[in-house]
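# Tertiary structure, described
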Amino acid sequence: QVQLVESGGGLVQAGGSLRLSCAASGRTFSSYTMGWFRQAPGKEREFVAGISWSGGNTYYADSVKGRFTISGDNAKNTVYLQMNSLKLEDTAVYYCADRGGRRLRVGVDEYDYWGQGNQVTVSS
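Residues numbered from 1 in each chain as written. Predicted model: local features only at pLDDT ≥ 70, side-chain atom pairs only at ≥ 80, totals over all residues. Heavy atoms only, no water.

### Focus on the nonpolar core
- Trp36, Leu81, Met83 and Tyr94 are the most contacted members of the largest nonpolar core, which has 29 residues in total.
- Those elements giving two or more residues to this core turn out to be strand S3 (18-25), strand S4 (33-39), strand S5 (46-52), strand S7 (68-73), strand S8 (78-83), strand S9 (92-98) and strand S11 (118-123).
- Residue contributions to this core peak at 4 residues, all from S3. (Core = buried A, V, L, I, M, F, W, Y, C linked by side-chain atoms within 4.5 Å. Buried < 20%, exposed > 50% of the residue type's maximum accessible area, 1.4 Å probe, protein only. Helix = DSSP H or I, 4+ residues; strand = E, 2+ residues; numbered from the N terminus.)

Quick look at the structure:
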């Protein structure tokens, strides 16, 4: 059983930056794929960014490309989401998710384990 614990959310002004962290435990394999998703009030959960550590692949939603960066520290079993140039529409609860050692995917249903969610609020 994989446990994911997120941290780093909060309130920031538009144009500012935040970094989210997701610490994983209980993993028994060395290569894995993780993603960040977000859910705004009244909207469905959507893919934001993903990373496949075994191959070093990353993928981003068009809405965050060029502003967000996903990275990982294998020694710490932690994945990060650096969010720059934040916009009002980035306000949401952000979740990290894990789908084991499988290929990178963007569907919510394709991830097995989820963090508790972390609120990010961007103000004007």
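### Focus: the environment of Ala92
- Residue placement: Ala92 occurs in strand S9.
- With sequence-adjacent residues up to four places away left out, Ala92 is seen in contact with Arg38, Gln39, Ala40, Asn118, Gln119 and Val120. (Contact = heavy atoms within 4.5 Å.)

### Details of the pairing of strand S1 (residues 3-7)
- Burial along S1 is one-sided: the residues Leu4 and Glu6 are buried and none of Gln3, Val5 and Ser7 is.
- Pairing between S1 and S3: 5 bridges, direction antiparallel. In the sheet register, Val5 faces S3, and the bridge partner there is Ala23. (Pairing = 2+ DSSP bridges.)

### So, the pairing of S5
- Counting buried positions along S5 gives 6 out of 7 residues, so the element sits mostly inside the fold.
- Here S4 pairs with S5 via 6 bridges, running antiparallel. Within S5, the residue paired with Phe37 across the bridge is Phe47.
- The antiparallel hairpin formed by S4 and S5 contains 6 residues in its connecting segment, where Gly42 sits at a positive phi of about 80°.
- Summarising the sheet, S5 and strand S6 (residues 57-60) pair through 4 bridges and their orientation is antiparallel. Among the inter-strand pairings, Ile51 is bridged to a residue of S6, identified as Thr58.

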